[in-house]
2 protein chains.
Amino acid sequence: MGGEFTLIGRYFDWPAPPGILGVGDDCALLPVSPGHRLAVTTDLLVEGRHFFPDTCPEALGHKALAVNVSDLAAMGARPLGCVLGLSLPRVDEAWLEKFSRGFRALSDEVGCPLVGGDTTRSVAGVIISVTAMGEVSEGAALKRSAAKPGDDIWVTGSLGAAHVALELLQGQYPEHAALLDTLRPWLERPQPPVAFGSGLSGLARAAIDISDGLLQDLGHILKASGCGADLDYSLVPAHPALKELDAAIVQRAVLNGGDVYQLCFTADAAARADIKALALRHGIEARIIGRIRPGQGIHVSAAPVPLGKEGYAGFDHFG
Amino acid sequence: MGGEFTLIGRYFDWPAPPGILGVGDDCALLPVSPGHRLAVTTDLLVEGRHFFPDTCPEALGHKALAVNVSDLAAMGARPLGCVLGLSLPRVDEAWLEKFSRGFRALSDEVGCPLVGGDTTRSVAGVIISVTAMGEVSEGAALKRSAAKPGDDIWVTGSLGAAHVALELLQGQYPEHAALLDTLRPWLERPQPPVAFGSGLSGLARAAIDISDGLLQDLGHILKASGCGADLDYSLVPAHPALKELDAAIVQRAVLNGGDVYQLCFTADAAARADIKALALRHGIEARIIGRIRPGQGIHVSAAPVPLGKEGYAGFDHFG
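Residues numbered from 1 in each chain as written. Chains lettered and ligands numbered in written order. Predicted model: local features only at pLDDT ≥ 70, side-chain atom pairs only at ≥ 80, totals over all residues. Heavy atoms only, no water.

1. Looking at the interface of chain A and chain B
Contact residues are listed per partner, giving 51 residues for chain A and 51 residues for chain B. The largest per-residue losses of area from chain A upon contact with chain B belong to A:Asp26, A:Leu38 and A:Leu44, which jointly make up 17% of the total buried on that side. The tally of links between chain A and chain B comes to 4 salt bridges. For A:Arg144, the salt bridge identified is with B:Asp26, shortest N-O distance 3.1 Å. In this structure, the connection of chain A to chain B is made through 18 residue pairs in polar contact (both at pLDDT 80 or more). (Contact = heavy atoms within 4.5 Å. Buried area = accessible area lost by both parts, 1.4 Å probe. Salt bridge = Lys/Arg side-chain N within 4 Å of Asp/Glu carboxyl O. Polar contact = N/O pair within 3.5 Å; in protein donor to acceptor, adjacent residues only side chain to side chain.)

2. Focus: the relation of the copies chain A and chain B
Rotating chain A by 180° and translating it 0.0 Å along the rotation axis places it on chain B, where the RMSD comes to 0.0 Å. The symmetry that links the two subunits is that of a two-fold axis. Of all interface residues in chain A, 100% are interface residues in chain B too; the two copies therefore contact each other through one and the same surface. (Least-squares fit on C-alpha atoms with pLDDT ≥ 70 in both.)

3. A closer look at the pattern of salt bridges
Summed over the entire model, instances satisfying the criterion amount to 29 salt bridges over all chains. A:Arg104 is the partner of A:Asp108 in a salt bridge, and the nearest nitrogen-oxygen pair spans 3.5 Å. Of this pair, A:Asp108 and A:Arg104 both sit in helix H3 (residues 93–110), 4 residues apart, roughly one helical turn. Between B:Lys63 and B:Asp259 there is a salt bridge whose closest N-O contact spans 3.3 Å. On the criterion of sequence distance, the pair formed by B:Lys63 in helix H1 (residues 57–74) and B:Asp259 in the loop between helix H7 (247–256) and strand S9 (263–267) is long-range, its members being 196 residues apart. For B:Lys63, a relative accessible area of 15% translates into the label buried. Taken together, the salt bridges that share partners define one network made up of A:Asp25, A:Asp26 and B:Arg144. (Helix = DSSP H or I, 4+ residues; strand = E, 2+ residues; numbered from the N terminus. Buried < 20%, exposed > 50% of the residue type's maximum accessible area, 1.4 Å probe, protein only.)

4. What to know about helix H2 (residues 93–110) of chain B
All names here are of chain B. Relative to the 26 Å expected for 18 residues at 1.5 Å per residue, H2 spans 26 Å between its end C-alpha atoms, a close match to the ideal helical length. Within H2, burial applies to Trp 95, Leu 96, Phe 99, Ser 100, Gly 102, Phe 103, Leu 106, Ser 107 and Val 110. Projected down its long axis, H2 carries its buried residues within an arc of 160°, all on one side. Turned more than 90 degrees off the buried face of H2, the exposed positions are Asp 108 and Glu 109. If you follow the buried residues of H2, they end up packed against H1, strand S3 (78–88), strand S4 (114–121), strand S5 (127–137) and helix H5 (194–200). Among the residues trailing H2, Gly 111 stands out with phi positive, at a value near 70°. (Expected span 1.5 Å × (residues − 1). Arc of directions from axis to C-beta.)

5. So, the sheet that holds S5(B)
The sheet built from 5 strands is open, its strands ordered S1(A)-S2(B)-S5(B)-S3(B)-S4(B) with mixed pairing. Of all the strands in the sheet, the pair left with one neighbour each is strand S1 (28–31) of chain A together with S4 of chain B. Averaged over neighbouring strand pairs, the angle between their axes works out to 20° when direction is ignored. Here S3(B) runs beside S5(B); their pairing, made up of 9 bridges, is antiparallel. Bridge pairing in S5(B) places B:Leu86 opposite B:Ile128. (Pairing = 2+ DSSP bridges. Axes fitted to C-alpha atoms, helices over the stretch in contact; angles between N-to-C directions.)

6. Section: unusual backbone geometry
A negative phi angle is the norm for most residues apart from glycine, just as the trans form is the norm for most peptide bonds. With a phi angle near 65°, A:Ala302 is a residue other than glycine that sits in the positive phi range. Positive phi is not limited to glycine here, since B:Tyr261 has a value of about 55°. Mapped onto the secondary structure, B:Tyr261 falls in the loop between H7 and S9.

7. Considerations on the sheet that holds strand S4 (residues 114–121) of chain A
Taken together, 5 strands build an open sheet; the order of strands is S4(A)-S3(A)-S5(A)-S2(A)-S1(B) and the sheet is mixed. Edge strands, defined here as strands with exactly one partner in the open sheet, are S4 of chain A together with strand S1 (28–31) of chain B. Ignoring which end each strand starts from, the neighbouring axes of this sheet average 20° apart. By the bridge criterion, 11 bridges tie strand S2 (residues 36–46) of chain A to strand S5 (residues 127–137) of chain A in an arrangement that is antiparallel. Residue pairing for S5(A): A:Val40 is matched across the bridge by A:Met133. Packing of H3(A) onto the sheet brings it into contact with strand S3 (78–88), S4 and S5 of chain A, and relative to S3(A) it is tilted by some 170°.

8. A look at the packing of helix H2 (residues 57–74) of chain A against H3(A)
The geometry of a pair of packed helices is captured by two quantities: the angle between their axes and the separation between those axes. Residue and element names in this part refer to chain A. Where H2 contacts H3, the two axes come as close as 6 Å, and the packing angle between them is 35°. Crossing geometry of H2 relative to H3 is assigned as right-handed. The residues of H3 that touch H2, namely those facing Pro 57, Glu 58, Leu 60, Gly 61, His 62, Leu 65, Ala 66 and Val 69, are Trp 95, Lys 98, Phe 99, Arg 101, Gly 102, Phe 103, Leu 106, Ser 107 and Val 110. Here the contact of H2 with H3 is composed, by residue class, of 10 nonpolar, 4 polar and 3 charged. (Left-handed = near helix turned anticlockwise from the far one by under 90°. Nonpolar A, V, L, I, M, F, W, Y, C, P; charged D, E, K, R; others polar.)

Next up, the structure:
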């Protein structure tokens, strides 16, 4: 990094919180609480693959961090900090100002300070690499392999909005184009339940964040845990703005739509009251949508449209 | 990530060491020893900026990790693990096999297991993002700001080889082209003294890895510590193969050449015997090349060529 690229550092030179050594030495230094494990996750976002060149930079800064803290939440980990690698075709100060503002707002909100990074000129397009670190009590991490038959299956928030927003951006359902303004924030500014997820450690068993669709991501839990699941579609929370769409469109968006960054988790029925209290404390909607059972695959009851293999990519894995 | 890109995972699906949860869940989980801090560093390497498109992929895999564990060593941290983000224009299995082999060989050698990652298709060229994590005893990290007047200034290994290798690759000194075979490994496969660096915590005060040149990197320590330095050029270890070159070329390579990934550190004179014993134990050359003094700037004595501003980029900062 040299010349004008050192300028970029300006946009990310935020003071580190007390107890943390941030940008400016060979490494950042972070405290990890006694009896805790370090949780780490990383994502690489490439312009033209993961986001459109004209994506609002503030939303992009938000989302680049959101997808990573969502993984921390899905492990039951409390954020400690993050590092950012940024490769840009040119120094565009207006872009940087907005990107850094979006990144920082979420960083402040969820308590995941930026402690280090690297910036460089790219040959083509914007590349964003984020690594987020958190801590979780020994033995209380929400591993995918921890679900047990009889566990309740929960989801947070609502489903389907991000998927339909993407379809509308791609020009589908032109008669519903007016919905885009309502749904777009669900695609561009996902709000993973970070503090709630961290509170689930010790309460829930298995968890995953919904990035590829409910059926597919729940499927990862089932495969890792060697179980099956029964879902009641009538309990699965679709985003309320979807109600004007055809049932088939909604069903597909809810069961298979990705980019949700809400949690799907399993827990013993004895934990229900504690989980509801935790959700209330964090202002999170959390609902039971089914149950883990022995066997394999996902059976969905009360679905208005028959679940075939067609288009149910997540379901295919278990058909 | 989808389709053929899931294949890439195959090349990096190495079993995690005992006590570590590696690839396959929302996060990796790593133990951090009681009384230790987490040390984190990240680097982004872009084809056409940091390496040539025809760079040997095995050497590239090595170097991508080497530059990060070098930062851990410069903090006195013991490696815990690393994550890798890889963006490739296409799936080239021969390239992946070699890249992963080079990455893994160094990972095994220095004890820095790959615990997670993300792969994606790039729009143009190869992008490599590595984040390395380590642990260092509370209060024993080798911060840049810790040097004190009277401290010895040490360097490990030898200097100048990587810089001259780069110049030869760029077509300079054609009469010495035969040197390239000897020098190239110092450019393409740097060997940071990782275990030695970790052993320095508690023995040394300030440290930095030499990535931008001795004068410039020592300058970072001086600036952060509010000190100056006296160097004796006759004590600075040039790579022995450079002796056939003009003194001016060697002097510039040794004082300003980057890509070294050896350590420059300061320590109280009382630590000399322990540091020499540590170096002996790890098979590392470590030499005293000068002393920290009050004031600012670097004074270099016994230099065969006068140090002007011309070309002494590192020196300029303190001229």
